[in-house]
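Observations on the model geometry
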Amino acid sequence: MLHGLSAREVEINREKYGANVLTQIPPDPLWKKVLEGFKDPMILILLAALVVQVFLFCLGQADWFEPVGILIAVLIANGVSSISESKQEGKASALKADEEARELTKVIREKTLHEIHVSEAVVGDIVYLQAGDKIPADGVVVEGAVRVDQATLNGETEEAEKIPPADSVPYDIKDLLNKHYLYRGTVVCGGEAYMEVKVVGDQTLFGGLALEVQEETRKTPLQVKLGKLAQQISTLGYVGAIAIVVGILGKTLLSGEMPAGVYEWIRLLLNAVTVAVTIIVCAVPEGLPMLTSILLSFQSLRMAKDNVLVRKINGLETAGSLSILFSDKTGTITEGRLSVAELAAGDMKTYRGLKDLPEPLREDVIVGIGLNNSASAGDGAVIGGNSTDRALMAFLMRAQAADWLKKEDVREFQPFDSNRKCSSVTLLRGGREELFIKGAPERIIERCTHYIDEKGTRKQLTEKNLLTAYLNTQAERSMRLLAVAKSGNGEDMGLTLICVISIRDNVRREAVEAIKEVQGAGIQVVMVTGDRKETAAAIAREAGLLSSPQDVALTSAEMAEKSDEELKSLLPRLRVIARALPADKSRLVRIAQELNLVVGMTGDGVNDSPALKKADVGFAMGSGTEVAKEAGDITILDDNFSSIAKAILYGRTMFKSIRKFLIFQLTVNVAAVLTCFLGPLLGENVILTVIQLLLINLAMDTLAAIAFGSEPALKEYMKERPVPRSENIVSRSMLNEIVLGAGYITFICLSILFFPAIRSLFGTADTVYLKSALFATFMMSITFNGFNARTEHINPFVGLGRNRNFIFVMLSILILQYVFISFGGKVLNVEALTPASWLLCLVLAFLIIPIDMARKFFTGRKFFAGR
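As the structure is a prediction and not an experimental result, all values here were calculated from the model. (Residues numbered from 1 in each chain as written. Predicted model: local features only at pLDDT ≥ 70, side-chain atom pairs only at ≥ 80, totals over all residues. Heavy atoms only, no water.)

With respect to the pattern of salt bridges
For the record, the criterion: Salt bridge criterion: a side-chain nitrogen from Lys or Arg within 4 Å of a carboxyl oxygen from Asp or Glu. Starting at the N terminus, helices and strands are each numbered in turn, a helix being any DSSP run of H or I of at least four residues and a strand any DSSP run of E of at least two. Buried, partly exposed and exposed residues are distinguished by accessible area as a fraction of the type maximum, computed with a 1.4 Å probe on protein chains only: under 20%, between the cut-offs, and over 50%, respectively.
Within this structure, the stated rule accounts for 33 salt bridges. Lys646 is the partner of Asp306 in a salt bridge, and the nearest nitrogen-oxygen pair spans 4.0 Å. Of this pair, Asp306 sits in the loop between helix 9 (287-304) and strand 8 (308-310) while Lys646 sits in helix 22 (residues 641-682), and the two are 340 residues apart along the sequence. The class for Lys646 is partly exposed, based on a relative accessible area of 35%. Ionic contacts of the salt-bridge type, sharing partners, join the residues Asp564, Glu565, Lys568, Arg587, Arg590 and Glu594 into one network.

Written out as structure tokens, the structure reads:
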């Protein structure tokens, strides 16, 4: 008899060997996230601009609200992102705490069975294990026998049998296939046993793998691209500042208006530097960090409704840049549970469901798989049994046939025996005993002499070769096969075949469409599974992964034989890895990243955690282990591949929105820089005042961030190729649009002040009035250019109704600019415009839309968008 530990021994062992808890690295506190955010290259540029503005304020060359405005922009941009990520981590922690609170185990202590929390188990505890229990620690079987699902550690779908070790027989605890040692996190599928705990907490295999996932990951594609943009803006700023100072001094020297004394020279230099700094500040897209934060937060909240929890905020934008995705099979591409796919009678007629069977045959099938079954139905769920028996019972329950089972008719039940390869049940039916057998078809069919036809008639079975061919065909489709037969004369006599049942973990219907969509997006999908190669290939063909002779499926052993260079050359054609080991996933991630690909990895087990951590974006399954969820960036709550496709779409939408915003804002900034730079050279030192520039930069940027941050996720984005990791965030097409838009805005604004043909249309030579018209035209032009920036299609208004925030923001900007100019007065250095002048400004500004439509037409853009 097993006595278990005493209360005193429990305390001693806990003190000596430690508690059964896993080390948890707490997430960074909010204040630390905020400080980390200041390392962002765009934020660093803003901080540099802030320092310059503070310096100018101290010299009396800037108003107090100028540095304050930049400071507010920095704090909002950094704060929104940090708070959003902190909230997402809080949600994940709450889910984890809820799951951990339900983790209980049964132990014997002082000869009594107790139910305790998993964390209270200690080395030396005797744990009682039954079907459905999750093993709480690593240990050895001391009594009984169990079958264990170890997929969380090795990815293998086949159940492992565990029995007590013989005294003199050694075994390797590092080999998960040994028959005596049990591992934390694995699940008992059948049988009963007692286990002695040998190691707990971080010393378990589960705990050791959990510690591996805490290494740093590389920068996201967006971080790389924004880093490049920040460098380019910095360079442009330095060059621009020098050019402006040299230009103003050169103009002064060439015009002959030389300063009279030292103070005049100092004032001239100070004015030149002030203009230069003002233009540099204009060149900095301070709204971009704010937009990125708003987008990440907005899309994360939207995705939660689609069963996608973004745990690490940068994982979302990385998902949109994926170029290769390594996906698990079980539960992601497939349903994750065995189910009956087809039934075939002895006459080779096949049926999809129980209700399709003829009545006489149906009765025998219900009895043959319902009572000859180690699982049972209760409270709408399947209880106990191995995976095959659970699938059969679920099949009966879906057809509402489980209630027909008469368990009182059972005289004897023999569970599945690995030597006999079958299970059997003896029943009392119609006043006589009948034996029903269920098991390996090759064993049962060879003993069958007859079969039951659709009328319930017992006929002689002569065409066994047809059955054999059917079995081979189904095996090629990765079906698990069972034969069901009966006999009225004992198990050793001739049997009568009832049916052959095909069972399989079916491919999700929605996964097939999602895989097709992801492949259409230019993303290579590779299925990684612990199944044998034939099964994996069959599933891959059905899922649409293996579709051409050039597609490659490898086993883990075949992959191990290849060098890194050979694997790199093979990678573009790789579609399936079978019999995969944990190390294979990490190697695949490394190889793909060395090719500069953006890598995604799905996983649910502890064995997947290192690869999830190393991948650019890790998709952890909601039903998976907590270690996998900690390692992943995004948790797929419904374990569905289609949800991964949604995450990719949202990520692409976010990247598209950032690019749209950059077109909008860089057009504003370049136009402002050119206008302010060329104005002094043409004879007017101040074209746009500092306050006007501040209104343009802060109000326009902030409002525009909201407008572009609300852009809908369009399916057409999934028809484009992934953006390479090394590609600049500002593409050649974007640059053309920015140059054209900024060039037109600069030209038309300066024309109002300097070109008589345009100036005369306003009917006045008053410089302040003309500058007011220039300011109005500038703001309306960039507002109308927002419609150009929001779509790549020729029609700038396509799909506008799906982003009401955009319409609201643009109308708000038009109203605000009317208020600014009509009532700004001396504060903004403007005069109210007449209705005729407003109309003229509106026409000149609106022309930017047909000009950009022409550009898009000549570059081959489409007129209408997809959905």
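Some details on the sheet that holds strand 26 (residues 634-636)
Put simply, the test is: Being paired, for any two strands, means DSSP has found at least two bridges between them. Convention adopted: a line fitted to C-alpha atoms gives each axis, helices being fitted over their contacting stretch, and angles between N-to-C directions are expressed from 0 to 180 degrees. Should any heavy atoms of two residues lie within 4.5 Å, those residues are counted as being in contact.
The eight strands lie next to each other as 8-26-25-24-9-21-23-22, forming an open sheet whose pairing is mixed. Two strands in the sheet have a free side with no partner beyond their single neighbour: strand 8 and strand 22 (552-555). Neighbour-to-neighbour, the strand axes of the sheet open up by a mean angle of 20°, direction not taken into account. Where strand 22 and strand 23 (residues 574-578) come together, four bridges link them in parallel fashion. Each bridged residue has a counterpart across the sheet, and for Val552 the counterpart in strand 23 is Leu574. Together, strand 9 (324-328), strand 21 (524-528), strand 23 and strand 24 (599-603) form the strand contacts of helix 19 (residues 582-594), whose direction differs from that of strand 24 by roughly 165°.

Description of helix 22
Quick note on the threshold: The span you would expect from a helix comes to 1.5 Å times its residue count less one. Here a polar contact is recorded for every N or O atom pair within 3.5 Å, except that within protein the pair must consist of a potential hydrogen donor and a potential acceptor, and residues adjacent in sequence are included only if both atoms are side-chain atoms.
Compared with the 62 Å implied by 1.5 Å per residue over 42 residues, the 61 Å span of helix 22 between its first and last C-alpha is a close match. For helix 22, the tally of buried residues reaches 34 of 42 residues, placing the bulk of the element in the interior. Of the residues that open helix 22, the one with a side-chain oxygen 3.1 Å from the backbone nitrogen of Ser642 is Asn640. Following helix 22 by one or two positions, Gly683 has its phi on the positive side, about 120°.

Points about the side chain of Thr529
Relative to the assigned elements, Thr529 resides in the loop between strand 21 and helix 16 (533-543). Ignoring any residue separated from it by four or fewer positions in sequence, one finds Thr529 in contact with Lys329, Ala536, Ile577, Ala578, Arg579 and Ala580.

Quick word on the environment of Gly144
As for its position among the elements, Gly144 is in strand 4 (residues 138-149). Given a relative accessible area of 34%, Gly144 falls into the partly exposed group. Note: C-alpha distance between Gly144 and Ile163 (19 residues apart in sequence) is 6.5 Å.

Thoughts on the nonpolar core
Across soluble globular proteins, you tend to see nonpolar side chains buried next to one another. What counts here: Only buried Ala, Val, Leu, Ile, Met, Phe, Trp, Tyr and Cys residues count toward a nonpolar core, and they belong to the same one when joined by side-chain atoms within 4.5 Å.
The biggest cluster of nonpolar side chains holds 111 residues, and the ones touching the most others in it are Phe619, Phe641, Leu688 and Phe778. Here this core gets 19 residues from one element, more than from any other, and that element is helix 22. If sequence neighbours within four positions are ignored, Phe778 has contacts with Val668, Ala671, Ala672, Thr675, Leu688, Ile696, Ile745 and Cys749.

Remarks on the packing of aromatic side chains
Put simply, the rule is: Only the six-membered ring of Trp is used, alongside the rings of Phe and Tyr, when aromatic pairs are assigned; centres must lie within 6.5 Å, and planes under 30 degrees apart are stacked while those over 60 apart are edge-to-face, with the rest tilted.
A complete count under the given rule lists eleven aromatic pairs for this structure. Here the aromatic rings of Phe784 and Phe846 are separated by 5.4 Å at their centres, their planes lie at 85°, and the arrangement is edge-to-face. Of the two residues, Phe784 is situated in helix 26 (residues 767-789) and Phe846 in helix 29 (residues 835-846); the sequence distance between them amounts to 62 residues. Residue classification places Phe784 among the buried residues on the basis of a relative accessible area of 11%. For Phe846, a relative accessible area of 38% translates into the label partly exposed. When the ring of Phe857 is compared with that of Phe858, the centres are 5.3 Å apart and the planes differ by 80°; the resulting orientation is edge-to-face. Residue classification places Phe857 among the exposed positions, given a relative accessible area of 55%.

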